[in-house]
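An overview of the molecular structure
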Amino acid sequence: MNADAATSPETSTDETAGPSGPPTVPSTVVWCGGRPYVLEARPGRARWMGTDYRGRPEALSSAELQRRGWSRRRAC
């Protein structure tokens, strides 16, 4: 195992945001509050799109998603 593989974020088993925050790859899905959010790339600034507790569209910034807590897996 080389040093790069040991420090690579892709090999991490951490389920929550690290110091770098949520992923930045478009079409990535993460979970927040039991609901999925998808990263949409758009000119200027990317946003996380999902739904609120009533099923209405909701856009979150990466900072807001990190404040609310997120995971790569759906919570049971």
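Residues numbered from 1 in each chain as written. Predicted model: local features only at pLDDT ≥ 70, side-chain atom pairs only at ≥ 80, totals over all residues. Heavy atoms only, no water.

1. Quick word on the sheet that holds strand β1 (residues 29-32)
The test is simple: A pair of strands is considered paired only if DSSP assigns at least 2 bridges between the two. The secondary structure listing takes helices from DSSP runs of H or I that are at least 4 residues long and strands from runs of E that are at least 2 residues long, numbered from the N terminus. Only the contacting stretch of a helix is used when fitting its axis, a line to C-alpha atoms as for every element, and angles between N-to-C directions run 0 to 180 degrees.
The 4 strands are arranged β1-β2-β3-β4 in an open sheet whose pairing can be described as antiparallel. If you trace the sheet from one side to the other, it starts and ends with β1 and β4 (57-60), each paired once. For this sheet, the mean inter-axis angle between neighbouring strands, taken without regard to orientation, is 35 degrees. Here β1 pairs with strand β2 (residues 35-40) via 4 bridges, running antiparallel. The partner of Cys32 across the bridge, within β2, is Arg35.

2. A word on the environment of Ala41
In plain terms, the rule: Only protein chains enter the calculation, and the probe is 1.4 Å; a residue is then buried if its accessible area is under 20% of its type maximum, exposed if over 50%, and partly exposed in between.
Counting through the fold element by element, Ala41 comes out in the loop between β2 and β3 (47-51). Of the residues examined, Ala41 reaches a relative accessible area of 56% and is grouped as exposed. For the pair Ala41 and Val25, spaced 16 residues apart in sequence, the C-alpha separation works out to 8.3 Å.

3. Notes on the environment of Arg42
Under the convention used in this document: As used in this structure description, the phrase polar contact means that two N or O atoms lie within 3.5 Å; if the pair is within protein, one of them must be able to donate a hydrogen and the other to accept it, and residues adjacent in sequence are counted only when both atoms belong to side chains.
Within the secondary structure, Arg42 sits in the loop between β2 and β3. Each C-alpha atom of the pair Arg42 and Pro26 lies 9.3 Å from the other, and the pair is 16 residues apart in sequence. Looking at Arg42, its side chain comes within polar contact range of the main-chain oxygen of Arg45, at 3.2 Å.

4. Some points on unusual backbone geometry
With a phi close to 70 degrees, Ser27 is a non-glycine residue in the positive phi region. Positionally, Ser27 belongs in the loop between α1 (3-7) and β1. Since its relative accessible area comes to 59%, Ser27 is described here as exposed.

5. A short note on the side chain of Asp52
Basically, it comes down to this: Contact between two residues is taken to exist if any of their heavy atoms lie within 4.5 Å; hydrogens are not considered.
Turning to its location among the elements, Asp52 is positioned in the loop between β3 and β4. Asp52 sits in the buried class, given a relative accessible area of 13%. Within the local environment of Asp52, its side chain forms a polar contact with the backbone nitrogen of Arg54, the two atoms lying 2.9 Å apart. When neighbours within four sequence positions are excluded, Asp52 is seen to be in contact with Arg35 and Glu58.

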